[in-house]
Amino acid sequence: MAERLADVPPTAGLPLRAGDLAWPGTDADLASALARFLGVPQVQIECSGTACMVVALTALKRLAPTRTEVVVPAYTCPLVALAVAHCGLQLRVCDLQPGTLDLDPVHLHQLCGPQTLAVVPTHLGGRLTDVATAQACARAVGAWTLEDAAQALGARVGDGSVGVHSDMVFFSLAVGKGLTLFEGGALVVHDPALRQACAQVSAETVPRHRGWELRRSIELLGYALCYRPAGLGLVYGRPLRQALKRGDWVAAAGDDFDPEIPLHRVGRWRQAVGVRALARLPDFLAQGTARALRRREQLTRVTGLSVLGDSPAVPGAAGTWPVLMVWMPGAAQRDAAIRALWGAGCGLSLPFVHALPDYPRYARVVPAAEAGALPHARELAGRLLAISNSPWLDDARFEQVCAALARFSR
Ligand SMILES: *Cc1c(COP(=O)(O)O)cnc(C)c1O
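What counts and what doesn't
- Residues numbered from 1 in each chain as written.
- Predicted model: local features only at pLDDT ≥ 70, side-chain atom pairs only at ≥ 80, totals over all residues.
- Heavy atoms only, no water.
- Pairing = 2+ DSSP bridges.
- Helix = DSSP H or I, 4+ residues; strand = E, 2+ residues; numbered from the N terminus.
- Axes fitted to C-alpha atoms, helices over the stretch in contact; angles between N-to-C directions.
- Contact = heavy atoms within 4.5 Å.
- Nonpolar A, V, L, I, M, F, W, Y, C, P; charged D, E, K, R; others polar.
- Near = heavy atom within 4 Å.
- Polar contact = N/O pair within 3.5 Å; in protein donor to acceptor, adjacent residues only side chain to side chain.
- Areas by Shrake-Rupley, 256 points an atom, 1.4 Å probe, with all protein chains shown as cover.
- Buried < 20%, exposed > 50% of the residue type's maximum accessible area, 1.4 Å probe, protein only.
- Salt bridge = Lys/Arg side-chain N within 4 Å of Asp/Glu carboxyl O.
- Phe/Tyr/Trp six-rings, centres within 6.5 Å; stacked < 30°, edge-to-face > 60°.
- Lys NZ or Arg CZ within 6 Å of the ring centre and 35° of its normal.

## Things to note about the sheet that holds strand β1 (residues 44–46)
Reading across the sheet, the seven strands line up as β1-β9-β8-β5-β4-β2-β3 and stay open at both edges, with mixed pairing between neighbours. Looking at which strands have only one partner, the edges of the open sheet turn out to be β1 and β3 (90–94). Across the sheet, the axes of successive neighbouring strands diverge by a mean angle of 25°, strand direction being ignored. In the packing of helix α1 (residues 30–38) onto the sheet, the strands contacted are β1, β8 (168–172) and β9 (185–189), and the crossing angle to β1 comes to about 120°. Sheet strands in contact with helix α3 (residues 78–86) are β2 (69–73), β3 and β5 (144–148), and its direction is about 150° off that of β3.

## Topic: the environment of L89
Take L89: it is sitting in the loop between α3 and β3. Residues L89 and P329, spaced 240 residues apart in sequence, show a C-alpha to C-alpha distance of 37 Å. The contacts of L89, once residues within four sequence positions are left out, are L57, K61, R67, T68, V70, V84 and L117.

## Quick notes on the packing of helix α12 (residues 331–341) against helix α13 (residues 375–383)
Closest axis-to-axis distance for the α12/α13 pair is 7 Å, and the angle between their directions is 35°. Judged by residue contacts, A331, R334 and D335 of α12 engage A381, G382 and R383 from α13. Considering only residue class, the contact of α12 with α13 consists of two nonpolar, one polar and three charged.

## Quick notes on the site of the ligand
Residues in contact with the ligand amount to 16 residues; listed here are only the nearest, T50, D148, Q151, S172 and K177. In this structure, a nitrogen atom belonging to the ligand sits 2.6 Å away from a side-chain N or O atom of D148. Here the ligand, which alone exposes 380 Å², has 96% of that area covered by the protein. When residues of the shell around the ligand are traced back to their parent elements, those giving at least two are α2 (49–63) and α3. Grouping the amino acids of the shell around the ligand by side-chain chemistry returns six nonpolar, eight polar and two charged.

## Section: the pairing of strand β12 (residues 323–327)
Two faces make up the sheet, and in a regular strand the side chains alternate between them. Most of β12 sits inside the fold, with five of its five residues counted as buried. Burial along β12 is two-sided: the face carrying V323, M325 and W327 and the face carrying L324 and V326 are both buried. One ladder, built from five bridges, connects β12 with strand β14 (residues 384–388); its direction is antiparallel. Across the sheet, the residue bridging to M325 is A386, located in β14.

## Points about the pattern of salt bridges
Pairing between side chains becomes possible if they bear opposite charge and their charged atoms approach one another. Scanning all chains against the criterion turns up 16 salt bridges. Here R62 ties to E204 by a salt bridge, and the two come within 3.0 Å at their closest N and O atoms. Taken together, the positions of R62 in helix α2 and E204 in helix α6 (residues 192–205) put the pair 142 residues apart, joining distant regions of the chain. A residue is classified by how much of its surface remains accessible, and R62, at 45% relative accessible area, is partly exposed. On the basis of relative accessibility, which here comes to 48%, the residue E204 falls in the partly exposed class.

## So, unusual backbone geometry
Despite not being glycine, F182 shows a phi value in the positive range, around 75°. Turning to its location among the elements, F182 is positioned in the loop between β8 and β9. Unlike most non-glycine residues, L374 shows phi in positive territory, near 50°. Position of L374 relative to the elements: it lies in the loop between β13 (348–349) and α13. Taking relative accessible area as the criterion, L374 reaches 6% and is therefore assigned buried.

## Brief notes about the sheet that holds β13
One open sheet holds the four strands; their spatial order is β10-β12-β14-β13, and the pairing between them is antiparallel. A strand with exactly one partner marks an edge of an open sheet, and here the two such strands are β10 (306–307) and β13.

## Focus: the packing of aromatic side chains
Using the criterion set out here, one finds five aromatic pairs in the structure. Summarising the aromatic geometry, the rings of Y223 and Y227 are spaced 4.7 Å apart at their centres and angled 25° between planes, so their arrangement reads as stacked. Each member of the pair, Y223 as well as Y227, carries the same accessibility label: buried. A ring pair is formed by W249 and W342, whose centres lie 5.6 Å apart and whose planes are at 80°; its orientation type is edge-to-face. With W249 in helix α9 (residues 249–252) and W342 in the loop between α12 and β13, this residue pair connects regions lying 93 residues apart in the sequence. Judged by its relative accessible area of 3%, W342 is buried. What links up through ring pairs into an aromatic cluster is the set Y223, Y227 and W392. Over the ring of W321 we find R127; its NZ or CZ atom is 3.5 Å from the centre of that ring.

## With respect to the environment of P315
When you line up the elements, P315 lands in the loop between β10 and β11 (317–318). Its relative accessible area of 68% is what places P315 among the exposed residues. For the pair P315 and P65, spaced 250 residues apart in sequence, the C-alpha separation works out to 35 Å. Filtering out sequence-adjacent residues up to four positions away, P315 remains in contact with V157 and G158.

This is how it looks when you write it as C-alpha cells:
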C-alpha cells in the first residue's frame, strides 16, 4: 500500500509557535489588539462566536422584548440555530439567491415584520455577502442586523473591516477559523449605547469558570502541538475516516454540535496567545489570498467549475480565503467527488452537510420546511464542496485535486 500523505486541514488555520505560548505579561489584552486590527473603537471578547450571538441577541431582546424572531440563512452553521434557541427566540430560515450566498430579498421581505428582532447576513467561507439589502429590510421593520463573520476575520470592505458599518458583527476564534484560542469569539457593536448594553449582558450573565478555562487551555496547547502536518492525521484525519466509515457525514463535517452552549470568560493566558498570533495574521491572510486567487483561476481553467466569489452587490469587497468553495455541476457529481476524496487527506470537505431544516438532530430548534421550500439553499447544500486553502496543500497535490474534480464533473 502506498504511504498515506499527511492530512491537510480542511481550512487555513493560523499555526501557533512556541513563543506564542509564554506566560502573559502586559500582552494579554486581546480586545485592544483586535480593535486595532479591525480599526474599531472597541471589541468584546467572548468564549465563542456562539457566545457572541447569545450576548448580542440577549441585549437586543432586552431593548425590544416583544420581538421574538431571528432570520438566518437556511445554509449556515447549526450553532447559529442553537444560539437563537438558547435565547428563547424563534428561528426563521431564509432562502438564498440562486447560485450565491446572499439572502433572497423576496423571501427576506416575507419573513421580516414587527416580530423580527434581528437579521443575520452571513459571510460564509470568507466570502462577503450582501449586507445592505438585509440591513434595509431589517431597518424597515425596526429590527437590527447582526453580521455573522465567524469565518471572515480579516475580510475588508473598502478600507474598513467587514461588519463595522452595520449594527453588530461577530467573529469566531474557534479552531479552523483562522486565528484561534481553540474556542473564542469577538463582538463589535457600532452604536455606543448598544455596545454598552452588550457589555452589561456579558458582565451580568457570563461567569468566570475555572473548569472550562482550564479545559480550553489544555485544548489550545494540544492545538499548538498537533496543528502541523505530522499531527493532523491523529487529531483530524483519524476521527474523520472513522465517521466516514460509519457513513456519518454530519460528524465528518463537524456539524454534530452539543446543544449546551458553554458561557464563561476567556482567561489571560489564552488572550495573550491570541495577541501574539494576531501579529502574524495579516501576512498569513495576504499569502492565503494570493494562493487562493491563483488556484481559483486554475480551477476554472482546468475543470470548468465555478468558485464562489464575494457578492457582486458589495463594492470594494476583499474577503478572506480559508477555503475555496466550489460549485459542482450537480449533487450526484458532488457526492461522487466527496465520497472519493473526503477521507483522502487532500483538503476536500463539506462546509455544512445540509440546509438547516434537513438535520434531524436540530429538528427541535429549526422549523420544518416542506419538500419544495428553500430550493436554492438546498441546492447549494447538495452541490457545494470546499477545498482547503491551507499552505500545507502544496501545488502538486492541488493539481491532483483539480484533475480529480474534472473527472468527477464530467
Ligand atoms: C463557527 C461558526 C459559528 C459559531 O462560532 P463558534 O466560535 O464556533 O461558536 C457561527 N456561524 C458560522 C457561519 C460559523 O462557521
